[in-house]
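Below are the chains, spelled out letter by letter.
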Amino acid sequence: MTQKDRVLKYIDDFGSITVAEAITEIGVGSLTKCISNIRKEGIGIETRTVHHKNRYGQPTHHAEYRRM
């Protein structure tokens, strides 16, 4: 199974994927590059910016990818 296959399966199974999930759950170290390649193949992926606070109470954000 390719990285692309693992990313798409994870999105299908869980609805979305983040960089942290890609690294820890499916062993994909460069999710952004993988998403770029998926988009080049014509597969619709949308990016959502999620805002939250880190463990120190400071505002932060990260990207969450899901199928369109």
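A quick note: this is a predicted structure, and the numbers were derived from the prediction, not measured.

**Digging into the overall build of the protein chain**
Point 1. When helices and strands are counted, the protein chain shows three helices and three strands.
Point 2. Overall, the protein chain shows an N-to-C arrangement of helices and strands of α-β-α-α-β-β.
Point 3. Structurally, the protein chain occupies a C-alpha span of about 40 × 20 × 20 Å along its principal axes.
Point 4. The buried share of the protein chain, reckoned over its 68 residues, is 26%.
Point 5. When contacts within the protein chain are restricted to residue pairs at least 6 apart in sequence, long-range pairs at least 24 apart make up 38% of them.
Point 6. Entry remark: accessible area of the protein chain is about 4,600 Å², with carbon and sulfur atoms responsible for 50%.

**Focus: the packing of aromatic side chains**
Point 1. The final tally for this structure, using the stated rule, is one aromatic pair.
Point 2. Relative to Phe14, the ring of Tyr10 has its centre 4.6 Å away and its plane inclined at 35°; by these criteria the two rings are tilted. With Tyr10 and Phe14 both in helix H1 (residues 3–14), this residue pair falls four residues apart, about one helical turn.
Point 3. Tyr10 gets classed as buried once you look at its relative accessible area, which sits at 10%.
Point 4. Assessed through its relative accessible area of 58%, Phe14 is described here as exposed.

**Notes on the pairing of strand E3 (residues 59–67)**
Point 1. Strand direction decides the pairing type here: strand E1 (residues 17–18) and E3, joined by two bridges, are antiparallel. From the neighbouring strand, Ile17 faces E3, where its bridge partner is Tyr65.
Point 2. When strand E2 (residues 45–53) meets E3, the two strands line up antiparallel, connected through nine bridges. When the bridges of E3 are listed, His52 appears paired with Thr60.
Point 3. Hairpin connection between E2 and E3: a loop of five residues separates the two successive antiparallel strands, and Gly57 in this loop has a positive phi of roughly 80°.

**Considering the pattern of salt bridges**
Point 1. Taken as a whole and judged by the stated rule, the model has five salt bridges.
Point 2. For Glu64, the salt bridge is made with Arg48, and the minimal N-O distance between the two is 2.7 Å. Here Glu64, found in strand E3, pairs with Arg48, found in strand E2; they are 16 residues apart in sequence, far enough to count as distant.
Point 3. A residue is classified by how much of its surface remains accessible, and Arg48, at 42% relative accessible area, is partly exposed.

Basis of the calculations
Residues numbered from 1 in each chain as written. Predicted model: local features only at pLDDT ≥ 70, side-chain atom pairs only at ≥ 80, totals over all residues. Heavy atoms only, no water. Helix = DSSP H or I, 4+ residues; strand = E, 2+ residues; numbered from the N terminus. Buried < 20%, exposed > 50% of the residue type's maximum accessible area, 1.4 Å probe, protein only. Contact = heavy atoms within 4.5 Å. Areas by Shrake-Rupley, 256 points an atom, 1.4 Å probe, with all protein chains shown as cover. Phe/Tyr/Trp six-rings, centres within 6.5 Å; stacked < 30°, edge-to-face > 60°. Pairing = 2+ DSSP bridges. Salt bridge = Lys/Arg side-chain N within 4 Å of Asp/Glu carboxyl O.

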